Amino acid sequence: LLRIQPAPADLEFQPVLEDPFLVAVPHSHRLAAQTAVSLSELKGEEMVMFSSRGSPLFHSRIVAMCERVGFTPRVAQIATQIHTVAGLVSAGVGLAIIPGSARNLQPQGVQFLEILDRPEPLQVGLSWLRGKGDTPSIRVFREVTLAVAAQLGGKDQVRTQRS
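This section reports on the structure supplied with the text. (Residues numbered from 1 in each chain as written. Predicted model: local features only at pLDDT ≥ 70, side-chain atom pairs only at ≥ 80, totals over all residues. Heavy atoms only, no water.)

### Observations concerning the environment of Ile-4
Step number 1: Along the chain, Ile-4 turns up in the loop between β1 (2-3) and β2 (11-19).
Step number 2: Note on Ile-4: relative accessible area 31%, which makes it partly exposed.
Step number 3: Sequence spacing of Ile-4 and Arg-68 is 64 residues, and the spatial spacing of their C-alpha atoms is 21 Å.
Step number 4: Setting aside residues up to four positions removed in sequence, Ile-4 forms contacts with Phe-13, Pro-15, Leu-57 and Gln-123. (Helix = DSSP H or I, 4+ residues; strand = E, 2+ residues; numbered from the N terminus. Buried < 20%, exposed > 50% of the residue type's maximum accessible area, 1.4 Å probe, protein only. Contact = heavy atoms within 4.5 Å.)

Written out as structure tokens, the structure reads:
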């Protein structure tokens, strides 16, 4: 179970969920009263960013979405883990663009805002060695995972996608 990114040719991948990006802001931030924000409103804000080395998928996607609307993120702090980024936002270090699944951490003092620009969500899916996807254990794991994903599909931050 992993996020889609360039994978070795010997792996097969089945998308299961979409995880949209959100903006995480401290409750004391001027944007915290809003429910949604455009990316251009983040220009000039201090940001907590994912490490380019430790979290290359998140880092590259976030930098690209900011650059598409005309700015480079002003990095206040770099972190690798989602819970660390959320904690730094809670502490008022800066705001962050973060996967929506971070809501599940329920960080104190953090408000999550939808992004009006609707950047492409992160894909979460199943992966297995090419040609080995029909083993009984993998087949059952895929079925259970898809059933759970269908149940999660009703939540705002996660949508089901079957292929």
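### Comments concerning the sheet that holds strand β3 (residues 21-26)
Adjacent strands of a sheet pair through backbone hydrogen bonds, lying either parallel or antiparallel.
Step number 1: Read from one edge of the open sheet, 4 strands run β4-β8-β3-β7, paired in mixed fashion. With partners counted over all chains shown, the strands left at the sheet margins are β4 (36-37) and β7 (96-99), one partner each.
Step number 2: Along the sheet, helix α1 (residues 56-68) makes contact with β3 and β7, crossing β7 at roughly 130°.
Step number 3: Helix-sheet contacts for helix α2 (residues 82-90) involve β3, β7 and β8 (110-115), and the interaxial angle to β7 is about 145°. (Pairing = 2+ DSSP bridges. Axes fitted to C-alpha atoms, helices over the stretch in contact; angles between N-to-C directions.)

### Observations concerning helix α3 (residues 136-152)
Step number 1: For α3, which comprises 17 residues, the first-to-last C-alpha distance of 24 Å matches the rise-based estimate of 24 Å (1.5 Å per residue) to within 8%.
Step number 2: Taken together, the buried positions of α3 are occupied by Thr-145, Leu-146 and Ala-149. Buried residues along α3 cover an arc of 100° about the axis, so they all sit on one side. Along α3, exposed side chains directed more than 90 degrees from the buried face belong to Pro-136, Ser-137, Glu-143 and Gln-151. (Expected span 1.5 Å × (residues − 1). Arc of directions from axis to C-beta.)

### Some points on α1
Step number 1: Taking 1.5 Å of rise per residue, the 13 residues of α1 would be expected to cover 18 Å, and the 18 Å separating its terminal C-alpha atoms lies within 8% of that figure.
Step number 2: Considered for burial, the residues of α1 that qualify are Leu-57, Phe-58, Ile-62, Val-63, Met-65 and Cys-66.
Step number 3: As for α1, its buried residues are in contact with β1, β3, β5 (46-50), α2, β7 and β9 (122-129).
Step number 4: Note on α1: the residue one or two positions beyond its end, Gly-70, has a positive phi of about 100°.

### Describing the pairing of β9
Step number 1: Within β9, 6 of the 8 residues are buried, leaving the element largely enclosed by the surrounding structure.
Step number 2: When β1 meets β9, the two strands line up antiparallel, connected through 2 bridges. Counted as the bridge partner of Leu-2 is Gly-125 from β9.
Step number 3: Direction of pairing for β2 relative to β9: antiparallel, over a ladder of 8 bridges. Of the residues in β9, the one forming a bridge with Gln-14 is Leu-126.

### Some words on the pattern of salt bridges
Step number 1: Enumeration over the complete set of coordinates arrives at 5 salt bridges.
Step number 2: The partner of Asp-19 in a salt bridge is Arg-3, with the nearest N and O atoms 3.4 Å apart. Taken as a pair, Asp-19 in strand β2 and Arg-3 in strand β1 lie far apart in primary sequence, 16 residues in all. The same class applies to Asp-19 and to Arg-3, which are both buried. (Salt bridge = Lys/Arg side-chain N within 4 Å of Asp/Glu carboxyl O.)

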